[in-house]
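Structure at a glance
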Amino acid sequence: MREQKFYRALRVIGLAFFTLITAFPLYTVVISSIKPLGDVQSAFHWIPSRITFEPYVQIWSTVPLAHYFINSVIVCVSATVISVIVAILAAYAVSRYRFFGRNPFRLTVLSTQMFPGILFLLPLFIIFVNIDQTFGVHLYGSRVGLIITYLTFSLPLSIWMLVGYFNSIPRELEEAAMVDGSTALGALFRVLIPVSLPGIVAVAVFAFMTAWGEVLFASVLTTNATRTLAIGLRDYASQSNVYWNQLMAAAIVVSIPVVAGFLALQRYLVQGLTAGGVKG
């Protein structure tokens, strides 16, 4: 009994320690966002001398944050929708049909996750420039080019995740629908997709998060007109000054959509990440 109480107390202390470590950066961001600029630039104080919400108003005029927000929403939502649609169709074909090159395709999809993303930066840049020079299709510095770039990150893992999820669903459900007169495509949309909603939500969240916080490729493949939030935040730092309080306020505003979406879809996300491992 004493040993159980000791280990329970040890777990509580450990969880409290890790919670403190996690909460400290968040507290620093929040408290710095409601401080005057002079207080943020001076020595850090746990309690601000004066609370002000002016940084939350000023962030929209110091840099074109609303424009960056629109760019991020367009790019991330488009990449997410396309990734989910293509991943569903590809995963369905791999999971339910036997065709030539099926196993090499699965291996190729999985092997793309073994390479660091920076290796693809220069090839994508060269491809976009050559396409523009050869065919006149402007991809470099455009939203479409950035969407295509993010699809190369999210699609392989999305397909792999959904293949595992579809494999865990009995084929009898689709066969029953086909007996009632439904086609294979009809069974996919009427039976398999509703049952696979947790896995699809997990894929959608993964694709959106991949695009929303990406910095490296967005910094190279965008211009001032197509700049996203992750890159736009650095505009709060000028040659003469850094608006730390506005930067912290903007970081909170940028995080709100992602945090709200994650909390709303948390139940589906957990189910989607765990259920796919039932059958390989």
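To be clear, the structure that these remarks concern was listed above.
It should be emphasised that the depicted structure is a prediction, and the values quoted were computed from it without experimental measurement.

So, how was this worked out
Residues numbered from 1 in each chain as written. Predicted model: local features only at pLDDT ≥ 70, side-chain atom pairs only at ≥ 80, totals over all residues. Heavy atoms only, no water. Helix = DSSP H or I, 4+ residues; strand = E, 2+ residues; numbered from the N terminus. Rg over C-alpha atoms; globule rule 2.2 N^0.38 Å. Buried < 20%, exposed > 50% of the residue type's maximum accessible area, 1.4 Å probe, protein only. Axes fitted to C-alpha atoms, helices over the stretch in contact; angles between N-to-C directions. Left-handed = near helix turned anticlockwise from the far one by under 90°. Nonpolar A, V, L, I, M, F, W, Y, C, P; charged D, E, K, R; others polar. Contact = heavy atoms within 4.5 Å. Patch = residues over 30% accessible without salt bridge, like charges linked within 9 Å, V, L, I, M, F, W, Y side chains within 5 Å. Areas by Shrake-Rupley, 256 points an atom, 1.4 Å probe, with all protein chains shown as cover. Salt bridge = Lys/Arg side-chain N within 4 Å of Asp/Glu carboxyl O.

Take the overall build of the protein next. Across its full length, the protein carries 14 helices and zero strands. Walking the protein from its N terminus toward its C terminus, one meets helices and strands in the order α-α-α-α-α-α-α-α-α-α-α-α-α-α. Here the C-alpha atoms of the protein give a radius of gyration of 24 Å, more than 25% beyond the 19 Å that 2.2 N^0.38 yields for 280 residues. Overall size of the protein, expressed as C-alpha extent along the three principal axes, is 75 × 70 × 35 Å. In the protein, which comprises 280 residues, the share counted as buried stands at 37%.

Another point: the packing of helix α4 (residues 65-96) against helix α7 (residues 143-167). At a minimum axis separation of 7 Å, α4 and α7 run at an interaxial angle of 35°. The chirality of how α4 crosses α7 is right-handed. Taken together, the residues of the contact of α4 with α7 sort by class into 20 nonpolar, eight polar and two charged.

For the rest of this paragraph, the subject is the side chain of T228. Take T228: it is sitting in the loop between α11 (216-221) and α12 (229-232). You can call T228 buried: its relative accessible area is 5%. Those residues in contact with T228 that sit more than four places away from it in its chain are Y68, S72, L146 and A218.

The next point concerns a nonpolar patch on the surface. On the surface, V73, V77, V81, I82, I85, V86, L89, L185 and F189 cluster together into a nonpolar patch covering about 730 Å² of accessible area. Those elements that provide at least two residues to the nonpolar patch are α4 and α9 (184-195). For the nonpolar patch, the leading source of residues is α4, giving seven residues. The residue V81 is located in helix α4 in this model.

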